[in-house]
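Understanding the architecture of this molecule
These are the residues of each chain, in order.
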Amino acid sequence: MKNRTKISLIFALSAVLIVAGVCTAYYNTKTFGFDADAKLISKNGTSLTVLDFEMEFADADYYLEKIEKIFPDEPISVSARKPSEMKHIYIM
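Every chain begins its residue count from 1, and numbering advances along the sequence as written. Only residues with pLDDT of 70 or above have their local features reported here, since the model is predicted, and side-chain atom pairs are shown and tallied only from 80 upward, although totals for entire chains, interfaces and linings are computed over all residues. As a convention, hydrogens and water are excluded, and side-chain values are obtained from all of the structure's heavy atoms.

**Re the packing of aromatic side chains**
- Classification of ring pairs uses Phe, Tyr and Trp, with its six-membered ring standing for Trp, and accepts pairs whose centres are within 6.5 Å; under 30 degrees between planes counts as stacked, over 60 as edge-to-face, and the remaining range as tilted. Within the structure shown, the criterion is met by one aromatic pair.
- Plain terms: the ring middles of Tyr62 and Tyr63 are 5.2 Å apart, the flat faces sit at 70° to each other, and that makes the pair edge-to-face.
- Burial classes: relative accessible area under 20% of the type maximum marks a residue as buried, over 50% as exposed, and values in between as partly exposed (1.4 Å probe, protein chains only). Owing to a relative accessible area of 45%, Tyr62 belongs among the partly exposed residues under this scheme.
- By relative accessible area, which is 46% here, Tyr63 ends up partly exposed.

**Focus: the sheet that holds strand β1 (residues 41-43)**
- Strand order in the open sheet made by the three strands is β1-β2-β3, with antiparallel pairing throughout. A single partner strand is all that each edge strand has here, and the edge strands are β1 and β3 (53-56). Geometrically, the sheet is characterised by an average inter-axis angle of 15° between neighbouring strands, direction not taken into account.
- Where β1 lies against strand β2 (residues 47-50), three bridges are found, and the strand directions are antiparallel. Following the sheet pairing, Ile41 is matched in β2 by Val50.
- Sitting on the sheet, helix α2 (residues 57-70) is in contact with β1, β2 and β3, with an inclination near 70° to β3. Any two strands with at least two DSSP-identified bridges between them are counted as paired. Each helix is a run of DSSP H or I of at least 4 residues and each strand a run of E of at least 2, with the numbering of both proceeding from the N terminus. Between the N-to-C directions of two axes lies an angle of 0 to 180 degrees, each axis being a line fitted to C-alpha atoms and, for a helix, fitted only over the stretch in contact. Residue contacts are counted whenever heavy atoms from the two residues lie within 4.5 Å of one another.

**Some details on the pairing of β3**
- The pairing of β2 with β3 spans four bridges and is classified as antiparallel. Within the sheet, the bridge partner assigned to Ser47 lies in β3 and is Glu56.

**A short note on a nonpolar patch on the surface**
- Residues enter a patch when their relative accessible area is above 30% and they make no salt bridge; the linking distance is 9 Å between like charges and 5 Å between nonpolar side chains (Val, Leu, Ile, Met, Phe, Trp, Tyr). Computed with the Shrake-Rupley method and a 1.4 Å probe, the accessible areas treat only the protein chains shown as cover for residues. Within this document, salt bridges are pairs made up of a side-chain nitrogen of Lys or Arg and a carboxyl oxygen of Asp or Glu, the two lying within 4 Å of each other. There is a patch of nonpolar side chains on the surface, built from Tyr27, Leu40, Ile41, Leu48, Val50 and Phe57 and spanning about 490 Å² of accessible area.
- Position of Leu48 relative to the elements: it lies in strand β2.

**Examining the side chain of Ser47**
- Relative to the helices and strands, Ser47 is located in strand β2.
- Residue Ser47 is classed as buried on the basis of its relative accessible area of 1%.
- Ignoring anything within four residues of it in the chain, the contact list for Ser47 reads Ser42, Glu54, Met55, Glu56 and Phe57.

Below, the structure is given as structure tokens:
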């Protein structure tokens, strides 16, 4: 196995362990505190709640539309040449 693959696996495993630790700490804090109904992830008809952060679906649509406006509809050249000289160098 190459070093690059080993490092990628180490980063992925580290990310999984950190997320698992944060979720465990959240759940233990909520259940041992005053909130007996601790939920890591819950969904109702209009929103999604993850670790007490609630996101309305309408807000998510709004932010996705704003993000889509940032990206152009046409390909962007990454070459210093004139567009008329370019053949296959595009970012789609």
